[in-house]
Amino acid sequence: MTAATPRTSATQAGARPSASTLDRLGTTTWIDVAVICGLSLIAVAGFAPAFGHYAFLSAAIGGVVVGGGVAVLGRLFRLSVPLTLVIALAAYFLLGTPLALPGLALFGVLPSLDSLSGLVLGAVFGWSDAVTLQAPLEAPPYVAVVPYVGGWLVSLVCVTLAVRWLPRTRRPGVARAAVLLIGPLVLFLAGILLGTRDAYFAGVRGVLFAAVALLWLSWRRARANRDLLAADTGVRRSRLLGGAVVVLGAVLVGAIGGSLLAPPAASRLVVRDEVTPPFDPLDYPSPLAGFRKYTKDLQKTTLFTVTGLQSGQVIRLATMDSYDGVVWSVTAPGSQADSSGAFELLGSTIPRPPLFTAGATTTATIDIRGYSDVWLPTLGYVDRLAFDAHRGQDPAETVRVNTATGTSAVTSGVGDGLRYTIQATAQKIPNDRALASVAPAKVALPPVDNVPDIVSAKAEEYAGSADTAIQKLRNIERSLKALGYLSHGRASDPVPSRAGEGADRMTDLLGKAPMVGDQEQYASVFALMARHLGYPARVVMGFAPKAASGTTTVTGDDVTAWVEVPFDGVGWVPFFPTPTKTDAPKNQTTKPKLEPQPQVRQPPPADPRADELLTPVKTKDTEKKDPTTPFALPAWVWVVLGVVGIPLLLYVVPLVIVGALKRRRRRVRASQGPPDRRAAGAWEELTDRYAELGLAVPERATRLQEASALQEQSQAQNLRVPPGGLATLARHVDAAVFDGSDVSDERVEHAWTSADDAVAGATKAAGPLRARLAAFRYRRARRRPPR
């Protein structure tokens, strides 16, 4: 009993536990592991707003279990930390496929090349994609790896510390135990920053996280002072009961108060609101500028087929709301939230636009044939989008959607072989009587510039004395249809019609009688007139084929354009101002002006050829490019060049640079200066070469002292020493420098030859690896001061 007492008190005082105690996990360690995993699960629940569904829970919970489980098993089986890390990485890839990427798994559970690459891409790039894409996060598939790798990493590190480091500490107090809370706390903050402005039970989760952490830390402190608690069970009971009451009260008060006093969602800081979407529509030509390509070059070409198209439905291609006097174009990303340039990467589920009234819902399948562009043909406003077949890169990873305009783009290209299924809802269009009491919505769109004055004058004339916005717009629409004629400028059309929608073309359209143009001109001028009246308007380009009972074939002749104007609480109402009459008279005369018109910019002289496009297309690169496809290396060649070429460059380039410096160093020492200086340069070259081999050259020493030190190191390292030793060469150089006699070229040559032989013998004896390392080193010894 006497011998046992000191041992017990020493253990309670915080002595290091014995090795036998560490072979198994005690109750305290298991509780530590359970608390860490529980806090990690509370933290990963914060990813719910970003993913918008609970499918991510399998990845999040699985990551916590996999990381923590490997850490515990590595401790129970007494595995080293490096081996445990290797097993954790293997479990990450083996179990990550069914947990995070089940859609890419073989037979639902086995890893595939796609799932393994997705686990790597998700761990590296998933975090950046999660803040650049709009919620809910459904595409690309590897974005689901974010909660998985977060839970896996946090639980692996923290549980490893709990089962290996914390039990071995001499004083496992509260401060050391609090270190384990850093990982779950970082994961909690990650769920906030990567989420959305809509918090997921922020008050409840925050209070619960703090309560569990505080209760665990107080319990750890009590364990450190368990001698007092063991002596008095009443004190222990009162402390536990009091702590439980305090924590429970804090949970209730914090949860209720946090829910009632939570700050507004607008003040919530999320990273995605500070990041600009990566897709820039200005990298591509304006879709409307290529309108005549469809009506002429692709008139009879089958662009795509649509299965499930309803009668009267139009196919949306692109939406443009920016005009600069040359062309209608899609705006730059980040200009306005409701603009046509706000594209984001979404999953299969696409949210409704902010200004929208739901109408009929249609499910259709589109099969691309001769169409080739980045803009994806869609119906109405897409609710769900699923790619059924494709060639090349998966379009699910490159599709971008603008929910405000209902436009979609695939940055990798839309071409032959692409087939996709869409579920779309049409905008419900009330009649004009219902819209008479509705004002146009206040939508922030980019301003239009360089609009000719004749457009403003005609807008006032055509709108007439109508009182309501819908009536003014209908008056303009009817006037354009009644006074204008349709012509695509083809040889078969009765009258010629120039392409373009620039200011000169708008002046030409309105200044001649009768008006002649196609949907490109009439939609452009109608949108400009609506903008003059103060109504937000945008131009939409698409197709209007005649729906068939089964599969509808869409050709270039079905291309069209229309204008949409938003009405408050209703949505974007379409207007079709293009006339259907084609029998325009051939003799066009200028309509006499009843009142003087302000001076407008004169159009450039027209080419006699009617088919020539007068207005240039505005793109970022206006140079005409060769339409032929340039020679491109196969992908495997780039892979080989990357795998072999980059390491080769990293090896050869430094070697060439260092070699050039060494050659210059030798040339300067051997050819410049008087003979005694050149003889001394031979010894400097020898010491530099020996230092590059890894030998230590003493500083501020004579040549004989340097020779003695280098020869001693060479013999110890089995390096070859010249006959007579290095001291002979040192005396020869000292004599050439200090004896005062004339130094002949033969003596200088003898010094350099002896130095080169000594260095060559030592380098050969050092071995190829050491010689290669020496080739990458460069040393230039300071010249000895004159004596």
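Preceding this section is the structure that the text describes.
Everything in this summary refers to the structure shown in the same document. Keep in mind that this is a model prediction, so the values were computed, not measured.

### Overview of the overall build of the protein
Thinking step 1. Scanning the protein for helices and strands turns up 25 helices and 19 strands.
Thinking step 2. Per-residue burial for the protein yields a buried fraction of 45% across its 787 residues.
Thinking step 3. Summarising the internal contacts of the protein: among those between residues at least 6 apart in sequence, 77% fall at separations of at least 24.
Thinking step 4. Of the accessible surface of the protein, which amounts to about 39,600 Å², a share of 61% is contributed by carbon and sulfur atoms.

### Re helix 23 (residues 725–738)
Thinking step 1. Taking 1.5 Å per residue as the helical rise, helix 23 with its 14 residues ought to reach 20 Å, and the 21 Å between its terminal C-alpha atoms agrees with that figure.
Thinking step 2. The complete set of buried residues in helix 23 reads Gly725, Leu726, Ala727, Leu729, Ala730, Val733, Asp734 and Ala736.
Thinking step 3. Buried residues along helix 23 sit against helix 21 (675–692), helix 22 (703–716) and helix 24 (745–766).

### Observations regarding the sheet that holds strand 10 (residues 407–414)
Thinking step 1. Pairing is antiparallel in the open sheet, where three strands are placed in the order 6-10-9. Strands with a single pairing partner mark the edges of an open sheet, and in this sheet they are strand 6 (373–376) and strand 9 (399–402). Each adjacent strand pair in this sheet contributes to an overall mean axis angle of 25°, direction not counted.

### A look at the packing of aromatic side chains
Thinking step 1. Applying the stated criterion across every chain yields a total of eleven aromatic pairs.
Thinking step 2. Measuring from centroid to centroid gives 4.9 Å for Tyr92 and Trp152, while their planes differ by 50°, and the two rings are tilted. Placement of Tyr92 in helix 6 (residues 81–100) and of Trp152 in helix 8 (residues 145–165) is noted, with a sequence separation of 60 residues between them.
Thinking step 3. A residue is classified by how much of its surface remains accessible, and Tyr92, at 4% relative accessible area, is buried.
Thinking step 4. On the basis of relative accessible area, Trp152 is assigned to the buried category, the value being 7%.
Thinking step 5. One cation-aromatic arrangement involves Arg538 over Trp572; the distance from NZ or CZ to the ring centre is 3.5 Å.

### Observations regarding a positive patch on the surface
Thinking step 1. On the surface, a cluster of positive charge is contributed by Arg663, Arg664, Arg667 and Arg780.
Thinking step 2. Topologically, Arg667 is positioned in helix 20 (residues 635–671).

### Looking at the sheet that holds strand 5 (residues 358–368)
Thinking step 1. Pairing within the open sheet is antiparallel, and its five strands lie in the order 8-11-5-1-16. The open sheet is flanked by strand 8 (381–389) and strand 16 (551–555), the only strands paired with a single partner. Direction aside, the axes of adjacent strands within the sheet are offset by 25° on average.

### Side note on the packing of helix 3 (residues 27–44) against helix 10 (residues 182–193)
Thinking step 1. Where helix 3 meets helix 10, the closest approach of the two axes is 8 Å, and the angle between their N-to-C directions is 10°. Between helix 3 and helix 10, the interaxial angle falls into the category roughly parallel. Along the contact surface, helix 3 presents Ile36, Leu39, Ser40, Ile42, Ala43 and Val44, while helix 10 presents Pro184, Leu187 and Phe188.
Thinking step 2. Residue composition of the contact of helix 3 with helix 10, by class: eight nonpolar, one polar and no charged.

### What to know about the nonpolar core
Thinking step 1. Of all hydrophobic cores here, the largest spans 77 residues; its most connected members are Phe304 and Phe567.
Thinking step 2. Considering each element in turn, this core owes the most residues, eight residues, to helix 19 (residues 519–532).
Thinking step 3. In this structure, Leu25, Val64, Leu119 and Val146 belong to the second largest nonpolar core, which totals 49 residues.

### Brief notes about the pairing of strand 15 (residues 538–543)
Thinking step 1. Burial runs high along strand 15: six of the six residues are buried.
Thinking step 2. By the alternation rule, side chains of strand 15 split into Arg538, Val540 and Gly542 and Val539, Met541 and Phe543, which are all buried.
Thinking step 3. In this sheet, strand 15 lies alongside strand 2 (residues 315–320) in antiparallel orientation, the contact comprising five bridges. Residue Arg316 lies in a different strand from strand 15, and its bridge partner there is Gly542.
Thinking step 4. Note that strand 15 and strand 17 (residues 559–567) share six bridges and pair antiparallel. Looking across to strand 17, one finds that Met541 is bridged to Ala561.

What counts as what
- Residues numbered from 1 in each chain as written.
- Predicted model: local features only at pLDDT ≥ 70, side-chain atom pairs only at ≥ 80, totals over all residues.
- Heavy atoms only, no water.
- Helix = DSSP H or I, 4+ residues; strand = E, 2+ residues; numbered from the N terminus.
- Buried < 20%, exposed > 50% of the residue type's maximum accessible area, 1.4 Å probe, protein only.
- Contact = heavy atoms within 4.5 Å.
- Areas by Shrake-Rupley, 256 points an atom, 1.4 Å probe, with all protein chains shown as cover.
- Expected span 1.5 Å × (residues − 1).
- Pairing = 2+ DSSP bridges.
- Axes fitted to C-alpha atoms, helices over the stretch in contact; angles between N-to-C directions.
- Phe/Tyr/Trp six-rings, centres within 6.5 Å; stacked < 30°, edge-to-face > 60°.
- Lys NZ or Arg CZ within 6 Å of the ring centre and 35° of its normal.
- Patch = residues over 30% accessible without salt bridge, like charges linked within 9 Å, V, L, I, M, F, W, Y side chains within 5 Å.
- Salt bridge = Lys/Arg side-chain N within 4 Å of Asp/Glu carboxyl O.
- Lys, Arg positive; Asp, Glu negative; His and termini not counted.
- Charge placed at Lys NZ, Arg CZ, Asp CG, Glu CD.
- Parallel < 35°, antiparallel > 145°, perpendicular 65-115°, else oblique.
- Nonpolar A, V, L, I, M, F, W, Y, C, P; charged D, E, K, R; others polar.
- Core = buried A, V, L, I, M, F, W, Y, C linked by side-chain atoms within 4.5 Å.

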